[in-house]
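# Topology and contacts: notes
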Amino acid sequence: MDIIVIGLGVGGEEVAGRLAEAGLDVLGVEGRLVGGECPYYGCIPSKMMIRAGNAVAEARKVPQYAGEATVRPDWGPVHARIRDEATDDWNDQVAVDRFTGKGGTFLRGHARLTGPGRVQVGSETYEATRGVVIATGTTPVIPPIPGLADSPYWTNRDAIEAPELPGRLTVLGGGAIGLELAQVFARFGVAVTVVEAGDRLLALEEPESSTVAHAALTGDGVTVHVGSRAVKVDGTTVFLDDGTEITGDRVLVATGRRVDLAGLGLDTVGLDPAVRSLEVDEWMRAGEGLWAVGDVTGRGAFTHMAMYQADIAVRDILGQGGPAADYRAVPRVTFTDPEIGAVGLTENQARERGLSVGTGYTPLGSSTRGWIHGVGDAGFIKLVVDTDRGVLVGATSAGPAGGEVLAGLAVAVHAEVPVDTLRSMIYAYPTFHRAISEAVRAIH
């Protein structure tokens, strides 16, 4: 065996498949579903849900533009599409066949290191002559709230699999996952309450993003509690530290994800099993003959990050060279309506790094395309500039196509395009992305 890949989520499957296609003898080990969280419980099914919710919301706007419309949301077709088209009823045989079809060997089970290049699966031990790749992903964080562990709470997995929706849902957590699911369910008639212990939603993004997200959710009928902490759960009733009691039919826990390295046998290769994530160098090397990709590296639980790191690890294992990891332009999108896309540093992060910071901001509604769009044009463009170097180090694009408009901003941050160049560009009219030119002109 040349390479053993532990964990065949997005990153692990990419590494294992490409190395097998390159002619290496690859063993891939996965205890759950090949493909990981994204195709079964994350990116793909959740965006199907969001697409359906957006269609419902858009139909409700017809009376404001083009006559009359009656909307009767039905969760049945949404669940059926997720079950039949996205997940094959949560069966990964297609993904397994895809990997073995490339020449890889697949084992279903829990793997643990027993020494350099050695991996135990069940009662068998396998040895890799070139090394091991760890790509075991993350699991949901279940906060130690009294009573929560004994309650019938949901994680994102339960929410994605649900054939029917509850009448009332309490969401613990105001991050991307919690907000996306909260908005979708609200649009299908669920009475949703979001509880966020921090002082704003999307706490890691720009404050302006938090404001847009808060307005969007409340506009869809979601009740939002910020600066409030759940102190007890009794069945499906949540008690907050300010005395508020929220009674619902389900509690959805969306308070983040964590790397679980216990049981991997990291101590047998000289690594600390208690670390929060695996430290890797710019080539994804965690040690001699050991690589790690994806969520376990602590660089953000993003599918695109796992794929990016997988490519670097593959090139390193095959000795192909090429560019090493560069994280200065990491993009992320919260797929609420409006979408909130961001890349690089926020204004606060840039100031914390000691940069000389300038910002440019423009509301999307002031652009011609925003005015044309009318209802639902909430959003903005915000640019974060290193004024000493005259380049963008971060940007946020919020709006009806926020994630798509982000593409140009991501290029600008990654390539360190001079602000003067952005200022002299020709921007197509009338587009949402033309608002970038207004934000550039507003830099101060």
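Residues numbered from 1 in each chain as written. Predicted model: local features only at pLDDT ≥ 70, side-chain atom pairs only at ≥ 80, totals over all residues. Heavy atoms only, no water.

## Overview of the layout of surface pockets
By volume, the second largest pocket is sized at about 300 Å³. Contributing to the lining of the second largest pocket are 19 residues, with E13, G35, P39, A95 and R98 lying nearest its centre. Contributions of two or more residues to the lining of the second largest pocket are made by α1 (10-21), α2 (37-41), α4 (75-86) and α5 (93-101). When residues of the lining of the second largest pocket are assigned to their parent elements, the largest contribution, four residues, is made by α1. Of the residues belonging to the lining of the second largest pocket, the class tally is nine nonpolar, three polar and seven charged. (1 Å grid on protein atoms, 1.4 Å probe; cavity = no way out; pocket = protein on both sides within 12 Å on 5 of 7 lines; lining within 4 Å. Points joined across faces, edges and corners; volume = space filled by probe spheres on them. Helix = DSSP H or I, 4+ residues; strand = E, 2+ residues; numbered from the N terminus. Nonpolar A, V, L, I, M, F, W, Y, C, P; charged D, E, K, R; others polar.)

## Side note on the packing of aromatic side chains
Scanning the entire structure with this criterion turns up four aromatic pairs. Taken together, a centroid distance of 5.0 Å and an interplanar angle of 85 degrees make the contact between W75 and F188 edge-to-face. In this pair, W75 is assigned in helix α4 and F188 in the loop between α7 (176-187) and β10 (191-196), connecting sequence segments 113 residues apart. Here the aromatic cluster, defined as three or more aromatic residues joined through ring pairs, consists of W75, F185 and F188. Taking the ring centre of F239 as reference, the NZ or CZ of K232 above it sits at 4.5 Å. When the ring centre of F432 is taken as reference, the NZ or CZ atom of R369 above it lies at 4.5 Å. (Phe/Tyr/Trp six-rings, centres within 6.5 Å; stacked < 30°, edge-to-face > 60°. Lys NZ or Arg CZ within 6 Å of the ring centre and 35° of its normal.)

## Structural notes on α5
For an α-helix the count is 3.6 residues per turn, leaving residues at separations of three or four pointing the same way. Residues of α5 that are buried: A95, V96 and F99. Along the axis of α5, the buried residues cluster in a sector spanning 100 degrees; they form a single face. Its buried side turned inward, α5 meets α1, β2 (26-30), α2 and β3 (105-108). G103 occupies a position one or two residues after α5 and carries a positive phi of about 105 degrees. (Buried < 20%, exposed > 50% of the residue type's maximum accessible area, 1.4 Å probe, protein only. Arc of directions from axis to C-beta. Contact = heavy atoms within 4.5 Å.)

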